[in-house]
Amino acid sequence: QLVWSLHISHLLHILFVFVRILLANNNLQGTIPDEIQYVHQSETLVLPFNSKITGTLPDGPSTLEYLQDLQLQHCRLTGTVPIWIGDIRTLAILGLGNNLMTGTIPGEIGLLDKLEVLGLDDNSFEGNLNIFSNMKSLKSMYLEDNAFTGTLYENMYENWPQLEELDLSSNAIY
């Protein structure tokens, strides 16, 4: 059995030229360094199930202008969703579920008009569901096991005409 343990900052220096970076379940460790911006040609950055990736998402501005798929589920990320997430207008998949993240989701997330899959489940996020109301391309939204608030109203689904899957379990929604 091969066990690969590589510090993520060393890995990014190697991978900055690749368009698709798929490293799920590889025992990667360390924090996500500010150098993540150097993978600006990448369309896909998939690193889930690396439980030794810790720390917060970098605060700096995003240069990930081509990124379509960002998956960091099942790591041990903490902190909040950074404001720059709204700058990645090409993003179609955002997976931050099953981490240790907290706080209010920034309003800039509503700028992601191409987002089809949103996974923020199993964290400690809070805020009102209205923050997601402009995301017309959503097909799947997983917000369960957080502290989101809001009211489900009859015509709510008009905001999400393509929505096929919605999980709001274990929140403060009525």
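Residues numbered from 1 in each chain as written. Predicted model: local features only at pLDDT ≥ 70, side-chain atom pairs only at ≥ 80, totals over all residues. Heavy atoms only, no water.

## Observations concerning the overall build of the protein
For clarity, the cut-off: Per the convention used, a helix needs a DSSP run of H or I reaching at least four residues, while a strand needs a run of E reaching at least two, with both numbered from the N terminus. The buried label goes to any residue with under 20% of its type's maximum accessible area, the exposed label to any with over 50%, and the partly exposed label to all in between, with areas taken from a 1.4 Å probe on protein chains only. A contact between two residues is defined here by any heavy atoms of the two lying within 4.5 Å. In these tables, accessible area is a Shrake-Rupley quantity obtained with a 1.4 Å probe, and a residue counts as shielded only by the protein chains included in the view.
The helix and strand inventory of the protein stands at one helix and 14 strands. For the protein, the proportion of its 174 residues judged to be buried stands at 46%. In the protein, once contacts between residues fewer than 6 apart in sequence are set aside, the share between residues at least 24 apart is 49%. Summing over all exposed atoms, the protein offers an accessible surface of approximately 8,700 Å²; the carbon and sulfur share of this is 50%.

## Observations regarding the nonpolar core
When a protein is soluble and globular, its nonpolar side chains tend to lie buried together. Our working definition: To form a nonpolar core, buried Ala, Val, Leu, Ile, Met, Phe, Trp, Tyr and Cys residues must be joined to one another through side-chain atoms within 4.5 Å.
Residues Leu94, Ile109, Leu118, Leu120, Phe132 and Leu143 are the most contacted members of the largest nonpolar core, which totals 41 residues. Contact partners of Leu118, with chain neighbours within four places excluded, come to Leu94, Ile109, Phe132, Met135, Leu138, Ser140, Met141, Tyr142 and Leu143.

## Remarks on the sheet that holds strand S11 (residues 140-142)
Applicable threshold: Any two strands are treated as partners once DSSP identifies two or more bridges connecting them. Between N-to-C directions, angles cover 0 to 180 degrees, with each direction set by a line fitted to C-alpha atoms, over the stretch in contact for helices.
Ordered in space as S1-S3-S5-S7-S9-S11-S13, the seven strands form an open sheet in which the pairing is parallel. Two strands in the sheet have a free side with no partner beyond their single neighbour: strand S1 (20-22) and strand S13 (165-167). Adjacent strand axes in the sheet meet at a mean angle of 10°, parallel and antiparallel pairs treated alike.

## Digging into the confidence of the model for the protein
Interpreting fine coordinate detail is not advised for predicted regions of low pLDDT. Stated precisely, the cut-off is as follows: Every residue carries a pLDDT, the predictor's confidence in it, which falls somewhere between 0 and 100.
Averaged over all residues, the pLDDT of the protein equals 85, while 86% of them reach at least 70. Contacts from residues 1-6, a stretch scored under 50 in pLDDT, to residues over four places away or in other chains number 12 contacts.

## Focus: the packing of aromatic side chains
Formally: Two aromatic rings, drawn from Phe, Tyr or Trp (for Trp, its six-membered ring), form a pair once their centres lie within 6.5 Å of each other, and the interplanar angle then sorts them: stacked below 30 degrees, edge-to-face above 60, tilted otherwise.
Summed over all chains, the structure comprises one aromatic pair. Relative to Phe148, the ring of Phe132 lies with its centre 5.7 Å away and its plane at 75°, an arrangement referred to as edge-to-face. Taken together, the residues span a long stretch of sequence, with Phe132 in the loop between strand S10 (124-128) and S11 and Phe148 in strand S12 (residues 147-150) at a distance of 16 residues. Residue Phe132 is classed as buried on the basis of its relative accessible area of 0%.

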